[in-house]
Amino acid sequence: IAGYVPDAPDGGTWMHLVRFLQRSRPPLKHLILDEIDCFHVALLDALALTPHLQGLWLENCIFDDTILKGLHDSGAGFTSSLATLVLVSCYAIDVLVLADILTDVKARRQAENRQCLTAYVDDCGMMTKEQVEKLKEMDVIEFGKYIPLEFVDSAPDSHAGPESP
């Protein structure tokens, strides 16, 4: 799904994605959202209807740590079947919050002998050297491959990203 969604009639949440998923129950394995305001499309409700989702790609989307925590706490996506999470140009997230969530998911999945969740983060704001070191220690986010470490302190104009899920 790409582009901006129209305003909801009452100025509230745009529920068309949720209604579509409720009606059709497609066996969705991958979902790519581009330039979507995740606060107004009921993302958590929509993802709760995708129990077989393996890949979630969010690019230029508006969301923050509240939604990341909601994904984790609700069981949508992260704790079910999601294998790959890609965040590109999503600036309102704290990568360390994401890393903490992924560390928890990694521990749970290892205890259950399940595949770990791989996260690719590209162009989601600047990171300090201390944050980079912490992320390297946590070993839950692949970012050095897509954001060369020498560019961490200066935003690169372009760089290779992961392949589409």
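Just so you know, these numbers come straight off a predicted model, no measurement behind them.

Q: What am I meant to see in the overall build of the protein here?
A: Helix and strand content of the protein: five helices and five strands. Along the protein, helices and strands appear, N-terminal first, in the series α-β-α-β-α-β-α-β-α-β. Looking at the protein as a whole, 42% of its 165 residues are labelled buried. Across the protein, the fraction of contacts at a sequence separation of at least 24, relative to all contacts at a separation of at least 6, is 78%. For the protein, the computed accessible surface area is about 8,800 Å², with 51% contributed by carbon and sulfur atoms.

Q: Would you mind going over the environment of Arg-19 with me for this structure?
A: Tracing the chain through its elements places Arg-19 in helix H1 (residues 16–24). The class for Arg-19 is partly exposed, based on a relative accessible area of 37%. When the C-alpha positions of Arg-19 and Asp-45 are compared, they lie 9.9 Å apart, and in sequence the two are 26 residues distant.

Q: Mind showing me how you'd approach the environment of Trp-14 here?
A: Residue placement: Trp-14 occurs in the segment before H1. On the basis of relative accessible area, Trp-14 is assigned to the buried category, the value being 16%. Placed 23 residues apart in sequence, Trp-14 and Asp-37 show a C-alpha to C-alpha distance of 9.8 Å.

Q: Sorry, what's going on with H1 here?
A: Each α-helix winds once per 3.6 residues, and so residues spaced three or four apart point in a common direction. Of the positions making up H1, those classed as buried are Leu-17, Val-18 and Leu-21. For H1, the buried positions fall inside an angular range of 100° around the axis, keeping them on one side. Here the buried face of H1 lies against helix H2 (43–47).

Q: Could you clarify how one ought to interpret the pattern of salt bridges in this entry?
A: When the charged atoms of two side chains lie near each other, side chains of opposite charge can form a pair. All chains considered together, the criterion is met by two salt bridges. Across the salt bridge formed by Arg-108 and Asp-104, the nearest N and O atoms sit 3.2 Å from each other. Of this pair, Arg-108 and Asp-104 both sit in helix H4 (residues 95–111), four residues apart, which is roughly one turn of that helix. Arg-114 serves as the salt-bridge partner of Glu-112, at 3.1 Å between the closest nitrogen and oxygen.

Q: Sorry, what's going on with unusual backbone geometry here?
A: What is expected of a backbone is that most residues other than glycine have negative phi and most peptide bonds are trans. Positioned with a positive phi, Ser-89 is a non-glycine residue whose angle comes to about 55°. Mapped onto the elements, Ser-89 comes out in the loop between strand E3 (84–88) and H4. Overall, Ser-89 belongs to the buried group, its relative accessible area being 12%. With a phi close to 55°, Asn-113 is a non-glycine residue in the positive phi region.

Definitions and limits used
- Residues numbered from 1 in each chain as written.
- Predicted model: local features only at pLDDT ≥ 70, side-chain atom pairs only at ≥ 80, totals over all residues.
- Heavy atoms only, no water.
- Helix = DSSP H or I, 4+ residues; strand = E, 2+ residues; numbered from the N terminus.
- Buried < 20%, exposed > 50% of the residue type's maximum accessible area, 1.4 Å probe, protein only.
- Contact = heavy atoms within 4.5 Å.
- Areas by Shrake-Rupley, 256 points an atom, 1.4 Å probe, with all protein chains shown as cover.
- Arc of directions from axis to C-beta.
- Salt bridge = Lys/Arg side-chain N within 4 Å of Asp/Glu carboxyl O.

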